[in-house]
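Per-entry structural report
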Amino acid sequence: MRQKLVAGNWKMNGSLAENEVLLDGVVAGTREFPGVICCAPYPYLFQMQEKLQGTHVAWGAQNLSQYERGAYTGEVSAAMLKDFGCSYVIIGHSERRAIFGETSMTVAEKFKAAQDAGLVPILCVGETLSEREAGATFAVVGEQLDAVAGFVGVSALEDAVLAYEPVWAIGTGKTATPQQAQDVHRHLRERVALMNSEVAGKVRILYGGSVKSSNAAELFAMPDIDGGLIGGASLVASDFCDICRAAA
Ligand code: PEP
């Protein structure tokens, strides 16, 4: 049995005051579910540590540098995230790939940097609408997965989380149907199984893309969907808590 996880991706949202209210609500509203994670912008990691230490809610960041330290102006290292108590870090989100030009190779290096520092990477993969319409979904997510597995070795996936996030479903209100999502999740798990069947049975694969309290339960009921990566709905405590309860 894989423990389900629900991770909130706050993106570039929040303020000290807003986060206070949100985190109080998340802690109070998800006590029966051990798999809650909140991924905040860097400046708020200190606040996350202060508010979440000693609770059942884990926290993380949304990106990190592939480098350990040095002359990389504006970057944040894995060790710095550890200093603020992070357990998780999102890697290769489609917004990082599309807007900030992260390649599969950069993503693989970031994945390795995270694991070397003891962080659990949440590796995002997903196709655009035109790639889906061209029938290339499995090829696209396969390449994104293989780039990381080839760089770090398949056994490293056992201590990681995968997130299937179709780009056309992120922030659009258009959710993949449970069957569409399940088909890609199964493909990802089978692809890992070709490399190592034990790892395939253990790796958690989250679905992300316009998950709401109204569609979470049916998505999470699919056999290869092990929880969700939640953007917009993670900013409203009651919505996020309802989604966590759907995974409990
Ligand atoms: C995301 O950004 O990872 C995401 C899934 O966003 P949303 O839930 O808003 O579609």
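Residues numbered from 1 in each chain as written. Predicted model: local features only at pLDDT ≥ 70, side-chain atom pairs only at ≥ 80, totals over all residues. Heavy atoms only, no water.

Quick notes on the overall build of the chain
Of regular secondary structure, the chain possesses 11 helices and eight strands. In terms of C-alpha radius of gyration, the chain reaches 17 Å, essentially the compact-globule figure of 18 Å for 248 residues. Reported as C-alpha extents along the three principal axes, the dimensions of the chain are approximately 45 × 45 × 35 Å. Within the chain, contacts between residues at least 6 apart in sequence are counted, and of these 73% link residues at least 24 apart. With the model as given, the accessible surface of the chain reaches about 10700 Å², and the carbon-plus-sulfur share is 54%. Across the chain, the centroid of the 20 positively charged side chains sits 2 Å from that of the 28 negatively charged ones. (Helix = DSSP H or I, 4+ residues; strand = E, 2+ residues; numbered from the N terminus. Rg over C-alpha atoms; globule rule 2.2 N^0.38 Å. Contact = heavy atoms within 4.5 Å. Areas by Shrake-Rupley, 256 points an atom, 1.4 Å probe, with all protein chains shown as cover. Lys, Arg positive; Asp, Glu negative; His and termini not counted. Charge placed at Lys NZ, Arg CZ, Asp CG, Glu CD.)

What about the site of the ligand?
Not every one of the 14 residues close to the ligand is listed here, only the nearest: Lys11, Glu165, Gly171, Ser210 and Gly231. Lys11 has a polar side-chain atom sitting 2.5 Å from an oxygen atom of the ligand. Glu165 is positioned such that a nitrogen or oxygen atom in its side chain is 2.7 Å from an oxygen atom of the ligand. Isolated, the ligand exposes 290 Å² of accessible area, and the fraction of that covered by the protein chains is 95%. Partitioning the shell around the ligand into residue classes produces four nonpolar, eight polar and two charged. (Near = heavy atom within 4 Å. Polar contact = N/O pair within 3.5 Å; in protein donor to acceptor, adjacent residues only side chain to side chain. Nonpolar A, V, L, I, M, F, W, Y, C, P; charged D, E, K, R; others polar.)

Brief notes about the nonpolar core
Nonpolar side chains tend toward joint burial in soluble globular proteins. Ranked by internal contacts, the top residues of the largest apolar core, which has 66 residues, are Val6, Met48, Leu81, Leu157, Tyr207 and Phe220. Top contributing element to this core by residue count: helix α11 (residues 237–247), with five residues. Apart from the residues within four sequence positions on either side, Val6 is in contact with Phe33, Gly35, Val36, Ile37, Phe220, Gly228, Ile230, Phe240, Ile243, Cys244 and Ala247. (Core = buried A, V, L, I, M, F, W, Y, C linked by side-chain atoms within 4.5 Å. Buried < 20%, exposed > 50% of the residue type's maximum accessible area, 1.4 Å probe, protein only.)

As for unusual backbone geometry
Of note, the phi angle at Lys11 is positive, near 55 degrees, even though the residue is not glycine. Relative to the helices and strands, Lys11 is located in the loop between β1 (5–9) and α1 (16–29). At Ser210, a position not held by glycine, the phi torsion is positive, near 55 degrees. Residue classification places Ser210 among the buried positions, given a relative accessible area of 14%.

Thoughts on the layout of surface pockets
In this structure, the largest pocket spans a volume of roughly 390 Å³. Every residue lining the largest pocket is counted, 15 residues in all, and those nearest its centre are Lys11, Met12, Gln62, Arg96 and Phe100. Counting residues per element, the lining of the largest pocket draws most heavily on helix α4 (residues 94–99), which supplies three residues. Of the residues belonging to the lining of the largest pocket, the class tally is eight nonpolar, four polar and three charged. (1 Å grid on protein atoms, 1.4 Å probe; cavity = no way out; pocket = protein on both sides within 12 Å on 5 of 7 lines; lining within 4 Å. Points joined across faces, edges and corners; volume = space filled by probe spheres on them.)

Considering the environment of Phe100
Along the chain, Phe100 falls in the loop between α4 and α5 (104–116). According to the relative accessible area criterion, Phe100 is exposed, its value standing at 53%. As for Phe100 and Ala114, which are separated by 14 residues in sequence, their C-alpha atoms are 19 Å apart.

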